[in-house]
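Here are the chains, one letter per residue:
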Amino acid sequence: MKKRWLFVLGLLTLSMAVSGCGKKEETTSTSSSVVSSAAESETEGVSLSEVEVPADYVPPTTLADLTGELDLDKLVTLGEYKGLELTKEVVEVSDADIDASVTDALENTYVEVDRAAENGDTVNIDYVGTMEGEEFEGGSASGYDLQLGSHSFIDGFEDGLVGAKKGDVVTLDLTFPKNYTAELSGKPVQFKVTVNKVQTTSKEISEEWVKANTEFESVEDYRRDIRVNLETQNNAEAEDTMEADAWKMVLENSKVNDYPEEMVQYGRYYYDQMLNSYCTQSGITVEQYMEAKNLTADDYEEMQTAYAQSMAGQLLVMAAIEKAEGISPEDEQYQESLNELIESSGVDEDTFFSYYERFSVEQSLMLERINKIIIDNAIITEKMVEAEETETSAVSDTAETDTESSAAAETTEDADTSINKEVLQPID
């Protein structure tokens, strides 16, 4: 339930994003009639770009709070959402797919060896970093598995452990690169490293490896189980893609006649919250982010406005379908779904809602119900395809791109301060 809900949450949030945070000439828009040119659209005689979010703005907790007394019949011309013709394309599992899974398992299963470490080996280490005799934040760890030659730590660290054996204590005098964090850039540092294990991986699968590392007794049984799991995974991914395609079709079939100011206002607020959250997690300011992506205030305004309009449009379509179907977050089925979701999270309700906004949870669960109505009433053709035959839908493209950004914001490679990484990892 939890994994499924997270997909729906992503579908709702990411399909709302009509562009990523890049230069405005690089942004793209969906073809849905729900989303027209933000620059040309107006709501109640006010340009969408002029809708402001007050400093004391309080976001809604339910869609009913947001829609209030709005006349949905006037605002939304709801298109066909039943009887859609959909294709569920399930990717076939090939022997190469199984081989890749086996290789991945081999590469991630360590075998301890009694010899000096070589490039390609994985050493389990404890390390303590000091600068001018004092330990510094993020410079120490215990029980860390480091693959030598992976270049995941600063220059000289991994090379200095080649030749070390279990139990060795190695002192490394190094210098942080100039493009590191402001506090560490170009600074000399010393690491005291204790080697706990020298580990390697098996190059080929064998009956012995299978018996030692899996619940199976033979390579054949192990590969058969991998195939079953991959087929299950591919089927689930096909269903997710089909749902994304179906929702896109519903949006394309519908038309939003007006964008209420309060809904656009919420969309702008949500966009700001996502970007601020992304920057906080990345250890940078919004100003640093915008500078790194070469964004002007006008660029940001344009993207925020387009996102807000898209969000408002999709929420209006959702509300219209809920009204047409007579479903609501107030009914028993919703409460059952919410209780199941909270129970599956392993935390109590208060803790759960300290992690997730009530509004986002409500819309995710309601969109899941809407999607079920759409799919249950669709005409579905199932098709088995080879991997190269599959095509990603426009909504899936948006979700794939924006999932990496979390807040409709691209990876900030140029402004990466590495604060959220192991402090020893280099800047990309």
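What you are looking at is a predicted structure, and each value in this text was computed from that prediction instead of being measured.

Caption draft 1: Molecular detail of the pairing of strand S9 (residues 188-201). Where strand S5 (residues 110-112) meets S9, three bridges bridge the pair, whose relative direction is antiparallel. Its bridge partner lying in S9, Val 111 is registered against Thr 200.

Caption draft 2: Structural detail: the packing of helix H6 (residues 219-253) against helix H12 (residues 358-376). Axis separation between H6 and H12 bottoms out at 10 Å; the angle between their running directions is 90 degrees. Classified by the angle their axes make, H6 and H12 are roughly perpendicular. Where H6 abuts H12, its residues Met 242, Glu 243, Ala 246, Trp 247 and Val 250 lie against Leu 367, Ile 370, Asn 371, Ile 374 and Ile 375.

Caption draft 3: Quick look at the packing of aromatic side chains. Counted by the stated rule, this structure contains 22 aromatic pairs. Centroid distance Phe 157 to Phe 191: 5.4 Å. Interplanar angle 80 degrees. Geometry classified as edge-to-face. You can see Phe 157 sitting in the loop between strand S7 (134-147) and strand S8 (169-175) and its partner Phe 191 sitting in strand S9, a full 34 residues away along the chain. Note on Phe 191: relative accessible area 0%, which makes it buried. Seen in terms of ring centroids, Phe 176 and Phe 191 are 6.5 Å apart; in terms of plane orientation they differ by 75 degrees. Their pairing is edge-to-face.

Caption draft 4: Expanded view of the packing of helix H9 (residues 297-325) against H12. Where H9 contacts H12, the axes come no closer than 11 Å and their chain directions differ by 60 degrees. With respect to their mutual orientation, H9 and H12 come out oblique. At the point where H9 passes H12, the crossing takes the left-handed sense. For the pair H9 and H12, contact is made by Leu 315, Met 318, Ile 321, Glu 322 and Glu 325 and by Phe 359, Gln 363, Met 366, Leu 367, Ile 370 and Ile 373, respectively. Residues belonging to the contact of H9 with H12 are distributed by class as follows: eight nonpolar, one polar and two charged.

Caption draft 5: Representation of the environment of Pro 260 within the structure. Locating Pro 260 in the fold gives a position in the loop between strand S10 (255-256) and helix H7 (261-282). C-alpha separation for the pair Pro 260 and Leu 75, spaced 185 residues apart in sequence, amounts to 8.4 Å.

Caption draft 6: Looking closely at the environment of Glu 322. Tracing the backbone through its elements, the reader meets Glu 322 in helix H9. Expressed as a C-alpha distance, the spacing of Glu 322 and Leu 367, which sit 45 residues apart in the sequence, is 9.4 Å. Setting aside anything within four residues of it in sequence, one finds Glu 322 in contact with Leu 63, Ile 327, Pro 329, Gln 363, Met 366 and Ile 370.

Caption draft 7: The arrangement of the side chain of Ser 282 in detail. In this structure, Ser 282 sits in helix H7. A polar side-chain atom of Ser 282 sits 3.0 Å from the main-chain carbonyl oxygen of Tyr 278.

Caption draft 8: Structural context of the pairing of S7. Judged from the eight bridges that link them, strand S6 (residues 122-131) and S7 form a sheet pairing that is antiparallel. The partner of Val 123 across the bridge, within S7, is Leu 146. What sits between the antiparallel neighbours S6 and S7 is a turn of two residues, in which Glu 132 has the positive phi angle 55 degrees.

Cut-off values and rules
Residues numbered from 1 in each chain as written. Predicted model: local features only at pLDDT ≥ 70, side-chain atom pairs only at ≥ 80, totals over all residues. Heavy atoms only, no water. Pairing = 2+ DSSP bridges. Helix = DSSP H or I, 4+ residues; strand = E, 2+ residues; numbered from the N terminus. Axes fitted to C-alpha atoms, helices over the stretch in contact; angles between N-to-C directions. Parallel < 35°, antiparallel > 145°, perpendicular 65-115°, else oblique. Contact = heavy atoms within 4.5 Å. Phe/Tyr/Trp six-rings, centres within 6.5 Å; stacked < 30°, edge-to-face > 60°. Buried < 20%, exposed > 50% of the residue type's maximum accessible area, 1.4 Å probe, protein only. Left-handed = near helix turned anticlockwise from the far one by under 90°. Nonpolar A, V, L, I, M, F, W, Y, C, P; charged D, E, K, R; others polar. Polar contact = N/O pair within 3.5 Å; in protein donor to acceptor, adjacent residues only side chain to side chain.

By themselves these figures say nothing about function.
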